[in-house]
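What follows is the residue order along each chain.
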Amino acid sequence: MSPLAYAPIAAIATAPGRGGVGIVRVSGRELGGFVRALFQRDLTPRHAHLLPFRATDGEVLDEGLALFFPAPHSYTGEDVLELQGHGGPAVLRRVLDLCLRVGAELGMRLAEPGEFTQRAFLNDRMDLAQAEAVADLIEATSDAAARGAMASLSGVFSQRVTALADRIVHLRMLVEATLDFPEEEIDFLEKYQARPLLQGLRDELDAIIAQTRQGVILREGLHVVLAGRPNVGKSSLLNALAGDEVAIVTPIAGTTRDKVVQEIHIEGVPLHVVDTAGLRETDDPVEKIGISRTWQEIAKADVILHLVDAGAPDEKMDAGIAEKLPRGVPVVKVVNKIDLEMAGDPATGIVPIAVAGGAGDPRGRHGGIGETLRISAKTGAGLDGLRNTLLDIAGWNPGGESPWLARERHLRALQDAADHLQLATEHAALDDRVLDLFAEELRLAHDSLGSITGRFTSDDLLGEIFSSFCIGK
């Protein structure tokens, strides 16, 4: 690490704006002299001291609590000083400037985004998955997301990954010991029960992947696009799901000219619901732009809700829209305005239909589910069924073990490890003649798991991760 990276850093650690309390945080090596210069006295470690914060000319800038945490028992693993004063922006800036002036001889500088947490990672106070959970906990928008982030921060995810990695290391050790002593002519795969051990590793990895996938959904949510003809009730459905009048609703076709995005939560799972312009042929240049943007949103969707009007059906136009929807994306046909006709069962809002993909294809032609949902955005009939359908598509399992919060990179690393264990299984199906390839796949699987906790991580990835943090954390 460069000498610059070891320079003391300082930043305002509380959010911008006014508040009852504001915090200025300082971290660095051997800050005892800096603390004495700042207060003309030593501070008892891990004790709160009520003190005036004086400028170099003696002016009192503020009065508050000063807490000193000597290394290594601090958030960053370095000496840390926290000054807790009043939360006015001007006051905090003056206290921060004071720290930078007093610490100038030490090379003290403003902290970069996420640099306090990055130092905690570099000083082994937490691993990379836990460090990412710090940012996720700050950004959590639901109770479920906050609980999941806290589970990751406490090390639940890391412990599962590390335990699996240790089991892979044990199997690697047995394989490589056999490779070192080939004259023993040991039937390794049989003697050490390598195949059952490998299958146990794969089963545990599958369980971790399933739980991590839910953690990714909990963190990132689903991009749900409402699509269909004008006046089929897309804006009304958005309002009904959001529980608020977030989109303008009128009987005039083409009212929605641009997308309206609203985040809602179902069982703690975030859904980014996008209301779009109605799809039709038009000469209106503004409406054409809105329709073009609708197709752009459809192309990015995780789930498409194709709305049709039960009261005023247009089968030809609806079929034309359905034909243009992208393949490989779950598409749910939603018949809205069932309050205008008597068909269906408004109690459940669900009418089973034939699955386009055949009797053995439960997901339909577009990868969606094999049913049509009948709802009324006006009365609320069928909305619970729609919510449950969206959770099913997300793979959400509220009755299972509570998920930790996770990121897409974690899922990719786990899947890479699973691919390598699959290749190791294929080599093991041959015989001991390919033990070197078997060992190499185990090594690669172990490296993939190590990238999650930061044991094998590039500097570029670290820079990308920590740059997304807020300053002061």
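Residues numbered from 1 in each chain as written. Predicted model: local features only at pLDDT ≥ 70, side-chain atom pairs only at ≥ 80, totals over all residues. Heavy atoms only, no water.

Looking at an unreviewed UniProt entry, the protein chain carries the name tRNA modification GTPase MnmE, with the source organism given as Bordetella genomosp. 10. The Subunit (unreviewed entry) field of the UniProt record for the protein chain holds the comment "Homodimer. Heterotetramer of two MnmE and two MnmG subunits." Looking at the protein chain in UniProt, the text filed under Sequence similarities (unreviewed entry) is "Belongs to the TRAFAC class TrmE-Era-EngA-EngB-Septin-like GTPase superfamily. TrmE GTPase family." (UniProt positions renumbered as here; feature names shortened; annotations may be inferred.)

With that out of the way, let us pick up the UniProt feature "binding site: K(+)" (unreviewed entry) in the protein chain. With numbering aligned to this structure, UniProt lists the feature "binding site: K(+)" (unreviewed entry) at Asn231, Thr250, Ile252 and Thr255. Here Asn231 is to be found in the loop between strand S7 (222-228) and helix H9 (234-242). Given the relative accessible area of 31%, Asn231 is considered partly exposed. (Helix = DSSP H or I, 4+ residues; strand = E, 2+ residues; numbered from the N terminus. Buried < 20%, exposed > 50% of the residue type's maximum accessible area, 1.4 Å probe, protein only.)

Moving on, we get to the environment of Val334. Structurally, Val334 can be placed in strand S11 (residues 331-336). Separated by 39 residues in sequence, Val334 and Leu373 have C-alpha atoms that sit 4.8 Å apart. Discounting chain neighbours no more than four positions away, the residues touching Val334 are Leu305, His306, Leu307, Val308, Leu373, Ile375 and Leu386. (Contact = heavy atoms within 4.5 Å.)

Here we come to the confidence of the model for the protein chain. Per-residue pLDDT for the protein chain averages 83, and the proportion of residues at 70 or more is 83%. When pLDDT is averaged over each element of the protein chain, strand S5 (residues 79-85) comes out on top at 97 and strand S12 (residues 350-352) at the bottom at 44. Contacts for the low-pLDDT stretch residues 343-370, under 50 throughout, to residues beyond four places or in other chains number 51 contacts. (pLDDT = per-residue confidence, 0-100.)

Moving on: the packing of helix H13 (residues 408-428) against helix H14 (residues 435-453). The description of two helices packed together rests on the angle between their axes and the distance between the axes. The geometry of H13 relative to H14 is characterised by a closest axis approach of 8 Å and an angle of 170 degrees between their N-to-C directions. Between H13 and H14, the crossing angle belongs to the class labelled roughly antiparallel. Contacts between H13 and H14 involve Arg409, His410, Ala413, Leu414, Asp416, Ala417, His420, Leu421, Leu423, Ala424, His427 and Ala428 on the former and, on the latter, Leu437, Phe438, Glu441, Leu442, Leu444, Ala445, Ser448, Leu449, Ser451 and Ile452. (Axes fitted to C-alpha atoms, helices over the stretch in contact; angles between N-to-C directions. Parallel < 35°, antiparallel > 145°, perpendicular 65-115°, else oblique.)

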